[in-house]
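As a plain string of letters, each chain reads:
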Amino acid sequence: GAVVSQHPSRVICKSGTSVKIECRSLDFQATTMFWYRQFPKQSLMLMATSNEGSKATYEQGVEKDKFLINHASLTLSTLTVTSAHPEDSSFYICSVVRGGRNTEAFFGQGTRLTVV
Amino acid sequence: DAKTTQPNSMESNEEEPVHLPCNHSTISGTDYIHWYRQLPSQGPEYVIHGLTSNVNNRMASLAIAEDRKSSTLILHRATLRDAAVYYCILRDVKTSYDKVIFGPGTSLSVIP
């Protein structure tokens, strides 16, 4: 069964509004989760590391005020795209890892965001 | 994270074996070799990983060169459902804090 649940799978929003995407770890407690963005025909780009109980760590070039991350519990991280614009339209994917380089990463099914 | 190099695309006939290569000449002694794949419009899924020895699981086999500078993911009998982008990734938690960094990957097409 799924280890990571991401919701919604698809969302369309108007330009200027905010959208929240949820990522749940179903199988184990995750102190760290990861958020990726993927444009058509491109690879996944790591946006940020979500840390339970503390601030997220953003990759270079990712606007932290634009992409708000909240990791309020050991099983839930949320990504909020604020004041969305058409260029924010993308496939957003979350991931959890049990820990350690000898363990695999698990990914959500992704959220297709379209900003109109 | 150490860099990996994969062919952009490959083709395979259905029900034939597929060998997907990956070069990682700058691999360090503590890097694990991971493979993930991404089917269209889905999140990536784990395929297999290893350190030095060859590995087998229900999805695939991983053959690792003796010097660890390259590896090959082997799908024993390709099916249409194996058409996906395959990513070869090195992971060293000491420096990457569990991050999984994706390269461009290999887009595998399976011909009926």
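The structure this text deals with has already been given above.
Here the residue numbering is sequential within each chain, running from 1 through the sequence in written order. Starting at A for chains and at 1 for ligands, labels are handed out in the order in which the entities are written. Confidence filtering applies because this is a predicted model: local features only for residues at pLDDT of at least 70, side-chain atom pairs given and counted only at 80 or more, and all residues used for totals across whole chains, interfaces and linings. Hydrogens are left out, water is left out, and the side-chain values use all remaining heavy atoms of the structure.

The next point concerns the overall build of chain B. Each helix and strand counted, chain B has one helix and nine strands in total. When the elements of chain B are put in sequence order from the N terminus, they spell out β-β-β-β-β-β-β-β-α-β. Taken over the C-alpha trace, chain B has a radius of gyration of 13 Å; the compact-globule value for 112 residues is 13 Å, and the two agree within 12%. Referenced to the eigenvectors of the C-alpha coordinate spread, the extents of chain B come out at roughly 45 × 30 × 25 Å. Taking all 112 residues of chain B together, the buried fraction comes to 45%. Long-range pairs, those at least 24 residues apart, make up 57% of the contacts in chain B between residues at least 6 apart in sequence. Looking at chain B, you have 10 positive and 12 negative side-chain charges, and the mean spots of the two groups are 6 Å apart. Labels follow the DSSP assignment, with helices taken as runs of H or I lasting at least four residues and strands as runs of E lasting at least two, numbered in each case from the N terminus. In this description the radius of gyration comes from C-alpha coordinates, and the expected globular size is given by 2.2 Å times residues to the power 0.38. For each residue, the accessible area found with a 1.4 Å probe, counting protein chains only, is set against the maximum for its type, and the residue is called buried under 20%, exposed over 50%, and partly exposed in between. Working rule for contacts: check all heavy atoms of both residues, and any pair within 4.5 Å makes them a contact. We score Asp and Glu as negative and Lys and Arg as positive, and we do not count His or the chain ends. Note on charges: their place is set at NZ of Lys, CZ of Arg, CG of Asp or CD of Glu.

Another point: the overall build of chain A. Per the secondary structure count, chain A includes zero helices and eleven strands. Over its C-alpha atoms chain A spans a radius of gyration of 13 Å, differing by no more than 12% from the 13 Å that the globule rule assigns to 116 residues. What sets the accessible areas is the Shrake-Rupley method with a 1.4 Å probe; for residues, cover comes only from the shown protein chains. Accessible surface computed for chain A: about 5,700 Å², of which carbon and sulfur atoms make up 48%. Of the charged side chains in chain A, 12 are positive and 9 negative, and the gap between their average positions amounts to 4 Å.

Residue A:P8 is reached from A:H7 by a cis peptide bond, and omega for that bond is 0 degrees. Looking at where A:P8 falls in the secondary structure, it is placed in the loop between β1 (4-7) and β2 (10-13). Phi at A:S83 takes a positive value of approximately 45 degrees, unusual for a residue other than glycine. As for its position among the elements, A:S83 is in the loop between β8 (76-81) and β9 (90-97). The class for A:S83 is partly exposed, based on a relative accessible area of 35%. Even without being a glycine, B:R68 presents a positive backbone phi close to 65 degrees.

As a further point, take the interface of chain A and chain B. Facing the 22 residues of chain A at the interface are 23 residues of chain B. Summed over both partners, the interface of chain A with chain B comes to about 1,800 Å²; 56% of that surface belongs to carbon and sulfur atoms. Salt bridge, as applied in this entry: a Lys or Arg side-chain nitrogen positioned within 4 Å of an Asp or Glu carboxyl oxygen. For the pair chain A and chain B, the interface holds zero salt bridges. The definition of a polar contact used here is a pair of N or O atoms within 3.5 Å, where within protein one atom must be able to donate a hydrogen and the other to accept one, and adjacent residues in sequence count solely through side-chain atom pairs. Counting every contact that joins chain A to chain B gives six residue pairs in polar contact (both at pLDDT 80 or more). Once two parts are put together, the accessible area they lose, assessed with a 1.4 Å probe and summed over both, is termed the buried area.

On to the sheet that holds strand β7 (residues 70-75) of chain B. All names here are of chain B. The four strands are arranged β2-β7-β6-β5 in an open sheet whose pairing can be described as antiparallel. This sheet does not close on itself; its edge strands, each paired only once, are β2 (18-23) and β5 (55-56). Two strands pair when backbone bridges link them, and β5 and strand β6 (residues 61-64) are joined in this way by two bridges, in the antiparallel orientation. Opposite N56, over in β6, you have S61 as the bridge partner. Note: two strands are recorded as paired if DSSP finds a minimum of 2 bridges between them.

Moving on: the sheet that holds strand β7 (residues 67-73) of chain A. Residues and elements named next belong to chain A. Spatially, the four strands line up as an open sheet ordered β1-β3-β8-β7, and their pairing is antiparallel. Edge strands, defined here as strands with exactly one partner in the open sheet, are β1 and β7. Geometrically, the sheet is characterised by an average inter-axis angle of 15 degrees between neighbouring strands, direction not taken into account. Note: β7 against β8, five bridges, orientation antiparallel. Directly across from I69, in β8, lies its bridge partner L79. Only C-alpha atoms enter the line fits that serve as axes; for helices the fit covers just the stretch in contact. Angles between N-to-C directions range over 0 to 180 degrees.

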